[in-house]
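# Overview (structure and organization)
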Amino acid sequence: MNEKVNDFFDASKDEITSTVLESDIVQQVATEISKGMMSEGVSLIIGNIIGTLSPRINNIRLNYKQNRFERNVIKSLTTIEEKIGLLEENYATLDEHIKEKFSKEYLEWLLDNLYEEKQINKVPFHVNGYINLMTNKANDNLMLLFFNTINELTILDIDVLNMYNYESLENIYSLCEKYNLIPEQTNVIKAKLERLGLLKEKNEMQRDSNVDLISEYLKKVAQEQKRRNPKEIKIPNIKKISSIKSYTITNLGKNYLKIISYDKDQDSVK
C-alpha cells in the first residue's frame, strides 16, 4: 500500500491537530517517508511519533525542552526514512502482542528518551536500537536495559567504545585531538563503560588467569602428595600485572554497537 502523508495523520488522528499539519518541517519529512511502501502497522508507529508534537505544540516555541523534543522527533523521522525497509521487515515478523508493545509501550519509551536527549546526533542510535530490537525475543527488561544505557552514554562515550573495533579509524590520540582531550581524561570514560559492562579491564582478566593457574598448580601438588608419589610439577608461568590499565570490549559492548548500528559491518574487535 502506497501511504500518503494524510495516512500518517489518520493513523493517530485523535492526537494530531491541524497545527501539526501546518508545520512545514514535519510535513516535509513526513512527505519524504510517505514515498515508500508501508503497512498499516508501521504507518501507525510513524503517525504516533508525529502525533507526540501535537499536545505540546502551543508551548513548543516558548519552552527549550519542547523545542529540543521537536528537533529530536524530526531527526528520528529522517532516521526512520533511511531504515524504513528494515522497520517494515522487522515489524512484519512480530507476534500480535509484541506488535502492540512496539506500537505503544516501547514506542512511548523511545519518545521519553527523545524528549530528554540533549545530543541530536545521538537520536539515530535511539531509533536504530528500537528498530534492531524489534523481534519476538524482545521483552520489557531487554528494552529498558537498552534505553537506560543509551541515556547514560554520550557521543564521546560511544566513540571511545567504538575505538576498540579492530577496523576503527580512531585511536586514543586521534580521538583526543577530535574532542580536545588529553589521554588521561578518557580514563574516566573507560571506567564508565566498564561500569556499564561494555568494556572490561585486561589487568583484571590477567589477575583472574593467574589465580586460575595457581589454583590448578596447587591442585596438582595436592594430588601428587596424596598418591605419595611426588614428581616434578611445572610451576605455572605467572604473568606480571601491568601498572597501566588497558581495556578490551565485552560481548555486551559488541552487541550494543550492533544494536545501535554504530558500525554494524565490523564484527572483529580488540
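In what follows, the accompanying structure is described. Just so it is clear, the model here is predicted, and its values are computed rather than measured.

A word on the overall build of the chain. Helix and strand counts for the chain come out as 15 helices and two strands. Per-residue burial for the chain yields a buried fraction of 45% across its 270 residues. Counting only contacts in the chain whose residues sit at least 6 apart along the sequence, the fraction spanning at least 24 positions is 76%. Only carbon and sulfur atoms are counted for the fraction: they give 50% of the accessible area of the chain, which is about 15,500 Å².

Applying the stated criterion to the full structure yields six aromatic pairs. Geometrically, the ring pair formed by Phe146 and Tyr256 is tilted, given 5.6 Å between the ring centres and 35 degrees between the ring planes. Linking Phe146 in helix 10 (residues 140–152) with Tyr256 in helix 15 (residues 251–259), this pair joins segments that are 110 residues apart in sequence. Across this residue pair, the class does not change: Phe146 and Tyr256 are buried. Site record: aromatic cluster; members linked through ring pairs are Phe102, Tyr106, Trp109 and Tyr130.

Tracing the sequence through the fold places Ile172 in helix 12 (residues 172–179). For Ile172, a relative accessible area of 19% translates into the label buried. For the pair Ile172 and Val160, spaced 12 residues apart in sequence, the C-alpha separation works out to 8.1 Å. Aside from chain neighbours lying at most four places away, what touches Ile172 is Met163, Pro183, Thr186 and Lys190.

Let's shift gears to the nonpolar core. By size, the foremost hydrophobic cluster in this structure holds 57 residues, and its most contacted members are Phe102 and Tyr130. Residue contributions to this core peak at seven residues, all from helix 8 (residues 105–116).

Turning our attention to the packing of helix 11 (residues 155–162) against helix 13 (residues 186–195). Working note: a packed helix pair is described by the angle between its axes plus the distance between those axes. Where helix 11 meets helix 13, the axes come as close as 10 Å, and the angle between the chain directions of the two elements is 80 degrees. Classified by the angle between their axes, helix 11 and helix 13 sit roughly perpendicular to one another. Contacts between helix 11 and helix 13 involve Leu156, Asp157, Val160 and Leu161 on the former and, on the latter, Ile189, Lys190, Lys192 and Leu193.

On to the pattern of salt bridges, then. Counting across every chain of the model gives nine salt bridges. With a closest N to O distance of 2.7 Å, Glu105 and Lys101 form a salt bridge. By relative accessible area, which is 28% here, Glu105 ends up partly exposed. The class of Lys101 is partly exposed, set by a relative accessible area of 23%. Of the charged contacts, one joins Asp140 and Lys101 as a salt bridge, the two residues approaching to 3.0 Å between their closest N and O atoms. Taken together, the residues span a long stretch of sequence, with Asp140 in helix 10 and Lys101 in helix 7 (residues 96–103) at a distance of 39 residues.

Right, let's talk about the packing of helix 7 against helix 8 for a bit. Helix 8 packs onto helix 7 with a crossing angle of 25 degrees between their chain directions and a minimal axis gap of 3 Å. The angle between helix 7 and helix 8 falls in the class roughly parallel. Here helix 7 contributes Glu100, Lys101, Phe102 and Ser103 to the contact with helix 8, which in turn contributes Glu105, Tyr106 and Leu107. A breakdown of the residues in the contact of helix 7 with helix 8 according to their chemical character gives three nonpolar, one polar and three charged.

Rules behind the numbers
Residues numbered from 1 in each chain as written. Predicted model: local features only at pLDDT ≥ 70, side-chain atom pairs only at ≥ 80, totals over all residues. Heavy atoms only, no water. Helix = DSSP H or I, 4+ residues; strand = E, 2+ residues; numbered from the N terminus. Buried < 20%, exposed > 50% of the residue type's maximum accessible area, 1.4 Å probe, protein only. Contact = heavy atoms within 4.5 Å. Areas by Shrake-Rupley, 256 points an atom, 1.4 Å probe, with all protein chains shown as cover. Phe/Tyr/Trp six-rings, centres within 6.5 Å; stacked < 30°, edge-to-face > 60°. Core = buried A, V, L, I, M, F, W, Y, C linked by side-chain atoms within 4.5 Å. Axes fitted to C-alpha atoms, helices over the stretch in contact; angles between N-to-C directions. Parallel < 35°, antiparallel > 145°, perpendicular 65-115°, else oblique. Salt bridge = Lys/Arg side-chain N within 4 Å of Asp/Glu carboxyl O. Nonpolar A, V, L, I, M, F, W, Y, C, P; charged D, E, K, R; others polar.

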